[in-house]
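Inside the fold
So the chains spell out like this:
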Amino acid sequence: LAKKLRNEQLRNKVVTAEEAASWIKDGMVLGMSGFTRAGDVKVVPLALVEKAKTESFKVDVYTGASLGPEVDQYLAEAGVIRKRGPFQGDPGIRNMINSGEVTYVDAHLSHNAELVRQGIIGPIDFAIIEAAAITEDGLLIPTTSVGNSPIFVQEADQVIIELNVAQLDALEGVHDIFVPGPQGKRDPIPMLNASDRLGTIGIPLDLDKVKGIVISDILDAPSTIVPADEETDIMANHLLNFLREEIKVGRLTTSLRPLQSGVGSVANAVLLGFKDSEFENLEVYSEVLQDAVFELMDAGKVSFASATSITLSEEVGNHVYGNFEKYADKLVLRPQEISNHPEIIRRLGLISVNTALELDIYGNVNSTHVSGTRMMNGIGGSGDFARNARLGIFVTKSYAKGGKISSIVPMVSHVDHTEHDVDIIVTEQGVADLRGLAPKERVGRIIENCAHPDYKEQLWAYFNEANEATGGHHTPHILEKALSWHVNLAKNGTMQDPSFAK
Ligand code: 0RQ
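Because the structure is predicted, anything quoted here is derived from the model rather than measured.

A closer look at the pattern of salt bridges
A complete count under the given rule lists 30 salt bridges for this structure. The closest approach of N and O atoms between Lys-4 and Asp-169, which form a salt bridge, is 3.0 Å. Here Lys-4, found in the segment before α1 (17–22), pairs with Asp-169, found in the loop between β8 (158–164) and β9 (203–204); they are 165 residues apart in sequence, far enough to count as distant. Judged by relative accessible area, which is 6%, Lys-4 ranks as buried. We classify Asp-169 as partly exposed; its relative accessible area is 42%.

Structural data, given as structure tokens:
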């Protein structure tokens with residue numbers, strides 16, 4: 001413990017999780033560490049679950065992004081969470097959001113820190129933050145994510161630290177904490193390369209605000225992604241071929257531009273496609289580092305990776321954390337307002353790959369709402385990246401649920417990424433390059449290159465009818481029919497219109 005808790009003044013602040021939980025009162029706003037099940041606090045939430053057995057209270061919980069089961073399942077199911085933001089991915093809390101028991105604010109991840117600064121999120125009563133160590137001079141060394149922890153620590157009234165003795169000592173030095181000043185008095189963010197370091201190795205603590213330190217030894221819950229399959233391999237090949245064409249016309253070189261890749265199985269599998277390619281000296285400037293990034297490092301393809309969290313499956317996690325010294329000097333973890341900052345995304349010219357649930361014939365993308373109403377996970381950082389990247393790429397299989405759902409529909413049932421933010425679409429069918437195209441010019445590319453053959457004719461029929469009915473409007477739609485595919489799915493369990501059945 002002495003090695004982990006090196007600040008003299010904080011030594012007498014160690015308390016039990018129960019005592020820390022006793023400070024949390026009904027109506028409080030909590031800012032917790034954690035981003036995509038990495039670096040989240042665990043023992044204080046579990047003590048809050050116990051407390052909820054004898055005391056009724058509700059709190060608002062803001063984090064970096066999704067957390068593991070301690071908060072987004074157990075604490076939610078104990079009825080303690082009133083409001084949650086800015087991202088979640090656990091079936092436990094997802095079901096409660098969709099039954100109206102939890103209020104959810106789904107927001108661009110780069111925006112949260114500004115909202116905290118402005119007092120729109122907050123005032124924050126407690127920042128509760130996982131640490132790998134606390135240095136002699138009072139720096140809190142985060143663990144496997146940085147997320148919004150720096151701004152929570154800066155702005156919260158008080159701080160509870162979960163010092164995780166099971167986390168690797170070698171994490172110290174991996175983080176780069178740089179917190180921009182208030183808007184209006186802010187300099188350009190001095191980052192010119194993905195590997196630049198701007199700040200300190202830990203989060204500066206105001207020691208008087210530290211109310212208590214709780215010791216933890218619970219490791220992150222592993223990620224739940226499923227491995228690549230034949231179709232994601234095909235999607236990866238389509239993406240690589242598209243990038244090869246960009247090189248041929250002189251827009252890119254084989255080291256490309258820094259890559260960003262979103263969460264989920266599809267994004268991970270597509271990134272893994274670079275492993276057996278000719279591309280090299282790749283850099284990653286992303287928010288989450290999933291398994292694929294480390295496999296690409298092992299394969300000598302990725303030379304440096306910057307992000308705000310590391311989220312790994314059990315198997316890859318054991319390998320990476322068992323050999324961390326091999327990776328530590330090729331990695332940096334930053335606050336999410338820096339990893340996702342529009343200024344840097346635009347300056348570095350990122351190639352950004354995120355996942356769509358569905359998209360429409362004009363290129364609008366829905367990444368969050370199943371059939372328009374049911375929240376899946378959230379927009380996360382996909383909007384930060386898609387709008388500001390050099391190439392905003394969206395990947396999805398062309399169909400879902402065994403073909404009963406077409407991922408390409410006449411009109412998306414919810415819009416996360418408007419047609420203006422979507423450059424390239426990749427499905428297992430092919431690639432649609434939408435850059436520089438008007439809505440009606442995009443239709444053919446999307447249907448012919450990306451839609452599943454079972455739905456092509458049905459999509460053309462909708463477009464032709466809409467084009468005729470409107471007399472060729474800029475973005476033709478028949479409002480009565482635009483969402484008829486979703487209505488058909490709800491009523492009959494399929495989007496397929498029997499008159500087009502093959
Ligand atoms: O359902 O789990 O019941 O099998 O959705 O779909 O194809 O396994 O894809 O794991 O990559 O997740 C968009 C959800 C994709 C994710 C999403 C069903 C499908 C399956 C999952 P099952 P897949 P993935 C980084 C940036 C948020 C935005 C983002 C996500 C399940 O990538 O949350 O990228 N992204 N943020 O069957 C109904 C459709 C469907 C559908 C798929 N059209 N209708 N169900 N499914 N398409 C995040 C952060 O910033 C933290």
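Alright, that's what it looks like, and here's the rest.
A look at the site of the ligand
As a matter of local geometry, the ligand sits amid 26 residues, with Glu-287, Leu-357, Asn-377, Gly-381 and Lys-401 nearest to it. Contacts to the ligand include Ile-379, whose backbone N or O atom sits 3.3 Å from a nitrogen atom. Backbone polar atom of Gly-381 to an oxygen atom of the ligand: 2.6 Å apart, as the coordinates give it. Notes on the ligand: free accessible area 1,000 Å², of which the protein chains cover 78%. Of all the secondary structure elements, the ones that give two or more residues to the shell around the ligand are α8 (265–272) and β17 (351–355).

Some words on the sheet that holds strand β19 (residues 365–366)
Strand order across the open sheet formed by three strands is β19-β18-β25, with mixed pairing between neighbours. Where the open sheet ends on each side, the last strands, each with one partner, are β19 and β25 (408–409). Across two bridges, strand β18 (residues 358–360) lies against β25 in parallel orientation. Residue pairing in the sheet places Asp-360 in a bridge with Val-409 of β25.

Examining the sheet that holds strand β10 (residues 210–216)
The strand order β4-β3-β2-β1-β5-β8-β10 describes an open sheet built from seven strands, whose pairing is parallel. The sheet terminates laterally at β4 (103–104) and β10, the two strands that pair on one side only. In terms of strand pairing, strand β5 (residues 126–131) meets β8 through six bridges, oriented parallel. Bridge pairing in β8 links Ile-128 to Ile-160.

Observations regarding the side chain of His-486
With respect to the helices and strands, the residue His-486 is situated in helix α17 (residues 484–492). Residue classification places His-486 among the buried residues on the basis of a relative accessible area of 8%. The residues contacting His-486, other than those within four sequence positions of it, are Glu-358, Ser-371, Val-409, Met-411, Ser-413 and Met-495.

Cut-off values and rules
- Counting restarts for each chain: residues are numbered from 1 in the order of the written sequence.
- Where local features are concerned, this predicted model is filtered to residues with pLDDT of at least 70; where side-chain atom pairs are given and counted, the filter is 80 or more; whole-chain, interface and lining totals use all residues.
- The side-chain values count all of the structure's non-hydrogen atoms but skip hydrogen atoms and water molecules.
- Here a salt bridge means any side-chain nitrogen of Lys or Arg lying within 4 Å of a carboxyl oxygen belonging to Asp or Glu.
- What counts as a helix is a DSSP run of H or I of at least four residues, what counts as a strand is a run of E of at least two, and both are numbered from the N terminus.
- For each residue, the accessible area found with a 1.4 Å probe, counting protein chains only, is set against the maximum for its type, and the residue is called buried under 20%, exposed over 50%, and partly exposed in between.
- One heavy atom within 4 Å of a molecule or strand is enough for the residue carrying it to be called near that molecule or strand.
- For the purposes of these results, a polar contact is taken to be a pair of N or O atoms within 3.5 Å, where, inside protein, one atom must be able to donate a hydrogen and its partner to accept one; residues adjacent in sequence count only when each atom of the pair is a side-chain atom.
- Note that accessible areas follow from Shrake-Rupley with a 1.4 Å probe, and for residues the cover is restricted to the protein chains shown.
- Each pair of strands is called paired provided DSSP finds at least two bridges between the two strands.
- Here, two residues are considered to be in contact whenever any of their heavy atoms come within 4.5 Å of each other.

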